[in-house]
Amino acid sequence: ITMTLQELNKLRDYPLQIEDLKDKIFYLQRRAESATHKVSGMPSARGKSDCLENTIVSCVDEQKKLRKMIYKLQREQARALNFISKLDNSDLRTIFILRFIKGYTYKQIADKIGGVTADAVRIRIIRYLLFID
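Residues numbered from 1 in each chain as written. Predicted model: local features only at pLDDT ≥ 70, side-chain atom pairs only at ≥ 80, totals over all residues. Heavy atoms only, no water.

(A) Up close: the packing of aromatic side chains. One pass over the structure, following the stated rule, counts four aromatic pairs. Put simply, the rings of Phe 83, Phe 96, Phe 100 and Tyr 128 touch in pairs and so form one group of aromatic residues. Sitting over the face of the ring of Tyr 106, Arg 99 holds its NZ or CZ atom 3.8 Å from the ring centroid. (Phe/Tyr/Trp six-rings, centres within 6.5 Å; stacked < 30°, edge-to-face > 60°. Lys NZ or Arg CZ within 6 Å of the ring centre and 35° of its normal.)

Right, here's the structure in full:
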């Protein structure tokens, strides 16, 4: 199994997208909760219940997207870990795990490993991926 830099970098995007979806769901839930306080059950203008219904539908749709995104992240992380586990060099495995699974920056990786610069970390990743069989 091989992976490209683009595929590995996508792993770093998923958590951000997941957080955005969680924030959106939280906002929609608060919006629905505030709307329910205004709905008394008595016949009134159609607009308030339509707004509530649309908000609830949007919230359910976003929750479905969130579940799919989490599943996709888990699937891609498993694939990446399978790829990383086959690297011969333990230092390189550590670098790949820190970068693509844990989301560290190049500087954070360099600081954690010690004795290397952020650029050296970046170059090691790129060189390995360019010369993969």
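(B) Highlighting the packing of helix H4 (residues 106-113) against helix H5 (residues 118-130). Contact pair H4 / H5: the axes reach a minimum separation of 7 Å and the direction vectors enclose 105°. Relative to H5, the element H4 is oriented roughly perpendicular. From H4, Tyr 106, Lys 107, Ile 109 and Ala 110 reach across to H5, where they touch Ala 118, Val 121, Arg 122 and Ile 125. A breakdown of the residues in the contact of H4 with H5 according to their chemical character gives six nonpolar, no polar and two charged. (Axes fitted to C-alpha atoms, helices over the stretch in contact; angles between N-to-C directions. Helix = DSSP H or I, 4+ residues; strand = E, 2+ residues; numbered from the N terminus. Parallel < 35°, antiparallel > 145°, perpendicular 65-115°, else oblique. Contact = heavy atoms within 4.5 Å. Nonpolar A, V, L, I, M, F, W, Y, C, P; charged D, E, K, R; others polar.)

(C) Up close: the nonpolar core. Among the nonpolar cores identified, the biggest contains 27 residues, and Leu 8, Leu 11, Phe 83, Phe 96, Val 121 and Ile 125 are the most heavily contacted of them. Listing elements by their share of this core, those giving two or more residues are helix H1 (5-38), helix H2 (46-85), helix H3 (90-101), H4 and H5. Once you skip the residues sitting within four places of it in the chain, Ile 125 turns out to touch Leu 5, Ile 95, Phe 96, Arg 99, Phe 100 and Tyr 106. (Core = buried A, V, L, I, M, F, W, Y, C linked by side-chain atoms within 4.5 Å. Buried < 20%, exposed > 50% of the residue type's maximum accessible area, 1.4 Å probe, protein only.)

(D) Representation of the side chain of Glu 62 in the model. Summarising the element assignment, Glu 62 is placed in helix H2. Exposure remark for Glu 62: the relative accessible area of 7% places this residue in the buried category. Sequence-distant contacts of Glu 62, defined by excluding residues within four places in its chain, comprise Leu 21, Lys 24, Ile 25 and Leu 28.

(E) How the structure looks around the environment of Ala 110. Checked against the element boundaries, Ala 110 lands in helix H4. By relative accessible area, Ala 110 is classed as buried at 5%. Separated by 12 residues in the primary sequence, Ala 110 and Arg 122 place their C-alpha atoms 9.5 Å from one another. In contact with Ala 110, not counting residues within four places along its chain, are Val 116, Thr 117, Ala 118 and Val 121.

(F) Quick look at the packing of H3 against H5. At a closest axis distance of 11 Å, the pairing of H3 and H5 adopts a crossing angle of 105°. With respect to each other, H3 and H5 are oriented roughly perpendicular. On H5, the residues touching Asp 91, Leu 92, Ile 95, Phe 96, Arg 99 and Phe 100 of H3 are Val 121, Arg 124, Ile 125, Tyr 128 and Leu 129. Of the residues belonging to the contact of H3 with H5, the class tally is eight nonpolar, no polar and three charged.

(G) A look at H4. Restricting attention to buried positions, one finds in H4 the residues Tyr 106, Ile 109 and Ala 110. The arc enclosing the buried residues of H4, seen along the axis, measures out at 100°, which places them on a common side. In H4, the exposed residues that point more than 90 degrees away from the buried face are Lys 107, Asp 111 and Lys 112. Where H4 is buried, its residues contact H3 and H5. (Arc of directions from axis to C-beta.)

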